[in-house]
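# An overview of the molecular structure
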Amino acid sequence: MTGKTKRGKGRRNKRGRNGRMTGRGEEDGKRRRKRRESIGGREDGQGEGKGRRAGGRKAGRREGHGRERGSKAEREGRKEEGKREMNQTMDAIIPSYRPGEKFYQLLDMLKKQRLPLGKIIVVNTERRFFDEERARGAAGERLELHHIEKRDFDHGGSRNLGVSFSDSELFLMLTDDAVPRSTELTEKISSAFLRGERIGAVYGRQLATKESSFDESYARRFNYPEQSFVKSIEDLPRLSIKTYFMSNVCCAYRRDLFDRLGGFPSPMIFNEDMVYAARLLRLGYRIAYEAEAEVYHAHCYSGLQQLRRNFDLGVSQAEHPEIFSDLRPEGEGKRLIKGNLRELLREGRAWKIPALIWKSGCKYLGYLLGKNYRRLPGRLRSALSMNKGYWRRRGGK
C-alpha cells in the first residue's frame with residue numbers, strides 16, 4: 001500500500017501476502033523482536049496500532065528502557081551474589097586496654113548484627129584489667145581472646161597480630177569504645193565493597209554522643225558527613241590530605257590486599273590507618289566511606305590531651321615523608337576551626353569561643369612539635385606523647 005495511511009493500519013500494511021516484512025516495516029519488526037527479547041517477550045498492545053513516527057519513538061523508548069531494566073537486573077544479581085560471598089567471611093578485630101562499659105555494649109551489639117560475624121577477635125593489653133567472664137557473656141561463642149603485655153602494644157603491630165588470627169576475606173577493625181548504632185553495621189559496611197570496582201577498604205561514620213564536647217561534636221560532622229562517597233588517588237589535588245583519611249575506629253579491609261601491602265606499618269606511634277590508606281590508593285585501589293555504617297564514638301579531651309594526641313599525629317607524619325611531605329594539613333585545620341567558630345556564633349554560644357581557641361592552639365602546637373620531634377630531647381618526646389611505650393621501645397629516640 002502506498003501513499004498516506006491511517007494510523008490504525010500503518011504497520012499492518014507493511015506486510016505482503018507471504019507475511020514477510022519489507023523496507024522500513026522490516027526495521028520496525030526487528031525493533032519489536034529486540035524489545036520482546038529484552039523485556040521478556042512482553043509488548044504493549046497499543047504500539048501495534050500507532051503511526052509510523054509515533055510508534056517508532058515509543059518503541060525506541062521501550063526498547064531502551066528494556067535494556068536498562070535488564071542490565072539493572074543483572075547488576076543486582078551480581079551484587080547479591082557478591083554480597084552473599086562476602087557476607088559469609090567477615091571477622092571483627094578489636095584492640096582493647098582497660099575496657100569500660102562501652103566495650104561490653106560493643107560486644108553485645110556485634111553479637112546482634114543481622115549479618116553475623118565469623119569471629120570477634122580481641123587483642124587485649126594487660127590481662128589483669130580484663131573481665132573475661134563478662135566479655136564472653138556479651139559476645140557469646142564468637143569471642144576469641146588474646147592477651148599481650150603493655151610493653152608489646154603497638155598501633156600497627158597489635159592490629160596486625162589480630163589479623164593473623166583471622167582467615168576471613170574481610171575483617172572489620174573497631175576500637176573498644178566504638179558502639180554500633182544499629183544491628184545493620186556489618187551488613188552496610190560489607191555491601192559497600194560492591195559499590196564500585198577496586199574498593200580495598202570501607203570506613204564508617206562516627207557519631208558524637210551526649211558526653212562529646214562542642215568542638216568534638218562539630219569535628220564529627222565535619223569529618224563524617226551524611227553522604228557516602230568513594231575516593232581514589234586522583235582526588236589528591238582536590239582533597240589533599242583528606243584523600244588518605246579513614247579511621248580504624250570503624251573500618252573494614254580486604255584481606256588479600258592487606259597481605260599484599262604487608263599489613264599496617266609497624267612500629268607505629270599513631271595514624272596507622274592513614275598510612276595504610278595512602279599505600280592502598282597508590283596501588284590503584286579506592287576507599288569508600290559508608291555513611292549508613294554508624295558507630296557512636298566520643299572523647300572529651302582537655303587542651304593538654306589534645307596537644308599530646310596531635311604530637312603523636314605530627315610524629316607519624318614526620319616518620320613517613322614519602323606520604324605526607326608534600327601535603328599541608330593545616331588548611332583542613334583552619335577550615336575546621338572557622339566552621340566551628342561560625343556555628344558557635346550562630347547558636348549564640350560565643351562564650352565558648354575562648355575554649356575553642358585554647359584547644360585549637362593546643363592541637364596546632366602539639367602537631368608542630370611532633371613534626372619537629374627530632375629536634376627535641378628524648379625525655380621531652382615521651383612527656384609530650386600519649387603513647388609513651390613507643391618511646392620506651394625506641395630508647396627515647
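Residues numbered from 1 in each chain as written. Predicted model: local features only at pLDDT ≥ 70, side-chain atom pairs only at ≥ 80, totals over all residues. Heavy atoms only, no water.

## What to know about the side chain of aspartate 273
By secondary structure assignment, the location of aspartate 273 is in helix α10 (residues 272-282). Summary of buried charges: aspartate 273 has no salt-bridge partner, and the nearest side chain of opposite charge, arginine 159, is 6.7 Å away. (Helix = DSSP H or I, 4+ residues; strand = E, 2+ residues; numbered from the N terminus. Buried < 20%, exposed > 50% of the residue type's maximum accessible area, 1.4 Å probe, protein only. Lys, Arg positive; Asp, Glu negative; His and termini not counted. Salt bridge = Lys/Arg side-chain N within 4 Å of Asp/Glu carboxyl O.)

## Some thoughts on the confidence of the model for the protein chain
Within the protein chain, residue pLDDT values average 84, and 77% of them lie at 70 or more. This stretch, residues 30-71, has a pLDDT under 50; its non-local contacts, to residues over four places away or in other chains, come to 39 contacts. Low confidence marks residues 77-87, where pLDDT is under 50. Its contacts with residues over four positions away, or in another chain, come to 13 contacts. (pLDDT = per-residue confidence, 0-100. Contact = heavy atoms within 4.5 Å.)

## Structural notes on the packing of helix α11 (residues 303-318) against helix α14 (residues 353-371)
In contact at an axis separation of 6 Å, α11 and α14 are set at 30° when each is read in the N-to-C sense. Compared by their axis directions, α11 and α14 come out roughly parallel. When you trace α11 past α14, the crossing you get is right-handed. Side by side, α11 and α14 meet where Gly303, Leu304, Gln306, Leu307, Asn310, Phe311, Leu313, Gly314, Val315, Gln317 and Ala318 of the first sit next to Trp358, Lys359, Cys362, Lys363, Leu365, Gly366, Tyr367, Leu369, Gly370 and Lys371 of the second. When grouped by side-chain class, the residues that make up the contact of α11 with α14 number 11 nonpolar, seven polar and three charged. (Axes fitted to C-alpha atoms, helices over the stretch in contact; angles between N-to-C directions. Parallel < 35°, antiparallel > 145°, perpendicular 65-115°, else oblique. Left-handed = near helix turned anticlockwise from the far one by under 90°. Nonpolar A, V, L, I, M, F, W, Y, C, P; charged D, E, K, R; others polar.)

## A word on the packing of aromatic side chains
A complete count under the given rule lists 20 aromatic pairs for this structure. Their ring planes at 65° and their centres at 6.2 Å tell us that tyrosine 253 and phenylalanine 258 sit as a pair that is edge-to-face. A single burial state applies to tyrosine 253 and to phenylalanine 258, both of which are buried. With 5.4 Å between their ring centres and 85° between their planes, tyrosine 253 and phenylalanine 264 make a pair best called edge-to-face. In this pair, tyrosine 253 sits in strand β8 (residues 250-254) while phenylalanine 264 sits in the loop between α9 (255-260) and α10, placing the two residues 11 residues apart along the sequence. Through a chain of ring-to-ring contacts, three or more aromatic side chains come together here, namely Phe171, Tyr253, Phe258, Phe264 and Tyr276. In this structure, arginine 98 packs its charged tip against the face of phenylalanine 129, placed 4.0 Å from the ring centre. For lysine 242, the ring lying beneath its charged end belongs to phenylalanine 245, and the centroid distance is 5.8 Å. (Phe/Tyr/Trp six-rings, centres within 6.5 Å; stacked < 30°, edge-to-face > 60°. Lys NZ or Arg CZ within 6 Å of the ring centre and 35° of its normal.)

## Focus on the packing of helix α7 (residues 214-223) against helix α13 (residues 330-346)
Contact geometry for α7 and α13: axes closest at 10 Å, N-to-C directions at 120°. Relative to α13, the element α7 lies oblique. Taken as a pair, α7 and α13 cross one another with a handedness that is right-handed. On α13, the residues that touch Phe214, Asp215, Tyr218, Ala219, Arg221 and Phe222 of α7 are Glu332, Arg335, Leu336, Gly339, Asn340, Glu343 and Leu344. The residue makeup of the contact of α7 with α13, split by class, is six nonpolar, two polar and five charged.

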